[in-house]
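Each chain, written out:
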Amino acid sequence: MSLLCSPSLKSIDRPLSAASLPDSNYVLSLTSLGNFYAASASSPSNKITLLDKIGLQTAQILPGHEEATTHLRTISSLGGSTQSTLLSSGRDGCVKAWDERSGMVSIQSMFAYLPLMAAGRRPLLCCDASSDGFLVAAGTALQNEDAFILYWDPRNPAAPLRSHGSTHSDDITAVHFGEAPNLLFSASSDGLISLSNAHELDEDEAVTYVGNWGCSISQGGWAHGDSKKPHFWTASDMETFGYWSSELDRLQDADIRHPSLHDQGQTWVTDYLINCHCTQKAESGLAVFVGSNEGDAALITNSNLSQPVAPWTIHSVWTGGHVGIVRSILWDEDHDVLVTGGEDSKILTWRIPELYSPNMQGEKDDTMQIDSPNLKREWDDIDVSEVASPGKRVRHESS
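Residues numbered from 1 in each chain as written. Predicted model: local features only at pLDDT ≥ 70, side-chain atom pairs only at ≥ 80, totals over all residues. Heavy atoms only, no water.

### Examining the sheet that holds strand β22 (residues 250-255)
Pairing is antiparallel across the open sheet formed by 4 strands, whose spatial order is β19-β20-β21-β22. Each of the sheet's edge strands pairs with one partner strand only, and the pair in question is β19 (217-223) and β22. The average angle at which neighbouring strand axes cross in this sheet is 15 degrees, direction not considered. In this sheet, strand β20 (residues 231-236) lies alongside β19 in antiparallel orientation, the contact comprising 6 bridges. Directly across from Q219, in β20, lies its bridge partner A235. (Pairing = 2+ DSSP bridges. Helix = DSSP H or I, 4+ residues; strand = E, 2+ residues; numbered from the N terminus. Axes fitted to C-alpha atoms, helices over the stretch in contact; angles between N-to-C directions.)

Next up, the structure:
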């Protein structure tokens, strides 16, 4: 499967800023929180580090979870709060909402014990909050042949409001609320994706649509493209990419490693999918970030994800910053910055060039604001190279 070269393809080999987590911990998850980026570390650290956006200086270290911090999310109005809140889940059975000013947990929900269970904590693998901030969902790992989606009111977090145990039969790897506060997308290692009514008390009536991929799903989420109806994307443990309709009919099932570039003296070969980002700046409303085993990352898009034969296009490559697998990636659209985190413990910020699309206007949104007036000026003063480092996946081949 060919990979088209965007007319504006950039290969960037110089990061804007760099930082490293201590003790060679992997960077597992990234999110934007006001003037900071939050990064979660692998075990045995499990801590959450807040880094200043301009220079990636460590501003604060939160203790994270007793066992494996599994997911980070930034919530704009949790429980009626007027401030953005950092939400995290962990294998210790907790969902925590952090007050970054004090470093303390402002809201903690102990999902250690479920109704009718005598004992045993259930590890949590993912979490999210509804658009209105009044409902939090978390997905558990499989334990004793059961996996649950748990719901809780952050204003009264002592115990879950309800638990749904029949939606999935294996580890629940992703839960994401949609724009409507009652709709929850979930994905699981059982090969199923589901769309549920989170407000439905009767578990048997909660699931509205189910899609069966037939392979273990590692991540997934919402995708809002040109269609008025939402779509969904998924990634499997076998490095396959799926795209689904609003009713969870499978529209695309592709090995993400197959689209490759061998054209005009340039080469890119994908080894794995890092993550996807829903944005109107990309074709079909979805930016797909892929990586190489050498530590490079690239942004690819598809002209029509509803058509399996539609071509893929490579727009940007970030090379030479990491050694080994890139585990996490974040597109900070407010600042036109890409943040990457790797198994080498590095956290890097990069300039992200404007995406080219023949079907989209190339003008930037002049209404975007940044938190600090110095932030854009300092980044704009940095000259970003457009020449790839030798020996990396994107390179100029000798004729």
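### Topic: the environment of Y272
Structurally, Y272 is set in strand β25 (residues 272-278). Placed 19 residues apart in sequence, Y272 and G291 show a C-alpha to C-alpha distance of 5.5 Å. For Y272, the side chain forms a polar contact with the main-chain oxygen of S292, separated by 3.0 Å. (Polar contact = N/O pair within 3.5 Å; in protein donor to acceptor, adjacent residues only side chain to side chain.)

### Points about the side chain of T167
Note on placement: T167 falls in the loop between β14 (162-164) and β15 (172-177). Not counting the four nearest positions on each side in its chain, T167 is found in contact with I149, S186, D190, L192, S194, S196, E203 and V207. (Contact = heavy atoms within 4.5 Å.)

### What to know about the confidence of the model for the chain
Looking at the chain, pLDDT values average 85 and 83% of them are 70 or higher. Low confidence marks residues 110-120, where pLDDT is under 50. Its contacts with residues over four positions away, or in another chain, come to 24 contacts. Ignoring residues within four places in sequence, the model shows residues 360-399, a span with pLDDT below 50, making 81 contacts including any to other chains. (pLDDT = per-residue confidence, 0-100.)

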